[in-house]
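Structural overview
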Amino acid sequence: ALLSSAARQKLLAFASLIGLMVFFSFASPAFMQTENMVGILQATAVNGVLAIACTFVIITSGIDLSVGTVMTFCSVMMGVFLTYWGLPLWAGVFAAIFFGALCGALSGTMIAKMKLPPFIATLGMMLVTKGLALVISGTKPIYFDVEGLSAISLDSLIGEVFPALPIPNGVLIMFLVALAGTFILNKTILGTYTFALGSNEEAVRLSGVNTSRWKIIIYAFAGAICGIAGLLMASRLNSAQPA
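So, here's what we can say about the structure. (Residues numbered from 1 in each chain as written. Predicted model: local features only at pLDDT ≥ 70, side-chain atom pairs only at ≥ 80, totals over all residues. Heavy atoms only, no water.)

Turning our eyes to something else, we now look at the side chain of Asp-64. Its place among the elements puts Asp-64 in the loop between helix 2 (34–59) and helix 3 (67–84). One buried charged residue, Asp-64, remains without a salt bridge, the closest side chain of opposite sign being Lys-215 at 13 Å. A polar contact of 2.6 Å, which involves the side chain of Asp-64, links it to the side chain of Ser-66. When near neighbours in sequence (up to four residues on either side) are disregarded, Asp-64 contacts Cys-54, Val-57 and Thr-122. (Helix = DSSP H or I, 4+ residues; strand = E, 2+ residues; numbered from the N terminus. Buried < 20%, exposed > 50% of the residue type's maximum accessible area, 1.4 Å probe, protein only. Lys, Arg positive; Asp, Glu negative; His and termini not counted. Salt bridge = Lys/Arg side-chain N within 4 Å of Asp/Glu carboxyl O. Polar contact = N/O pair within 3.5 Å; in protein donor to acceptor, adjacent residues only side chain to side chain. Contact = heavy atoms within 4.5 Å.)

Written as structure tokens, this is what we have:
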């Protein structure tokens, strides 16, 4: 219903966005120009993907403080695969997503099996991944010289079809991840258990569901999305920045 609490929250958020756009349009004549809009979307893409990862965890009544450093760690591991080891681009993409999922699975295991509060478990993962990124990279950026890497985030497939809409691929990937996340939350068993764990975990456990396994899967899935964010960041900067 339009007047439901959830609908009001969505309308308020959307109205706030429109209000900000109107305000800055009057504040600066350059704000609504295509180049500026594209730049804002490009800068938002990484944070948007990280927000999608956090959404899954928050729905389970958890929290993940490590998304930023996991993203950095994934980009550094991508640098190890592509720059240090000279492997092809697909291997670097796989490494970013794999190590993100691994970090998420470890956080989920600490929460589900060791019964650590999500705040403490992910705080520990944040510090561990930050330290690993600095140690592995030697505290220095890892620069890429891989053909096609920058195209992942900076080129525009939409712009090739519609030249008036030069929306970068990084923004397109963010929207695709958002659509996939929406589908998973609303149409799959993973989404069903994500909502169920956040609603009443004890009731779900008593109904015979292995809540620990599903919690680990959810955190691993969120970590994999952080790996995608790391891929976008590395592609945009053409380097892995451990700091």
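Counted at 1.5 Å a residue, the expected span for helix 2 with its 26 residues is 38 Å, and the 35 Å between its end C-alpha atoms agrees. Looking at helix 2, one finds that the buried residues are Val-38, Gln-42, Ala-45, Val-46, Gly-48, Val-49, Leu-50, Ile-52, Ala-53, Cys-54, Phe-56 and Val-57. The secondary structure elements touched by the buried residues of helix 2 are helix 3, helix 6 (149–153), helix 8 (169–187), helix 9 (189–206) and helix 10 (211–237). Positive backbone phi, at 70 degrees, marks Ser-61, one or two positions downstream of helix 2. (Expected span 1.5 Å × (residues − 1).)

Let us look at the packing of aromatic side chains. Applying the stated rule across the entire model yields 9 aromatic pairs. On the numbers, 5.0 Å between centres and 45 degrees between planes, the contact of Phe-81 with Trp-85 is tilted. Accessibility expressed as a relative area gives 15% for Phe-81, which makes it buried. Members of the aromatic cluster, joined through ring pairs, are Phe-73, Phe-81, Trp-85, Phe-94, Phe-98 and Phe-99. (Phe/Tyr/Trp six-rings, centres within 6.5 Å; stacked < 30°, edge-to-face > 60°.)

This next bit is on unusual backbone geometry. With phi around 60 degrees, Lys-115 is a residue other than glycine that occupies positive phi space. Counting through the fold element by element, Lys-115 comes out in the loop between helix 4 (89–112) and helix 5 (118–137). Since its relative accessible area comes to 61%, Lys-115 is described here as exposed.

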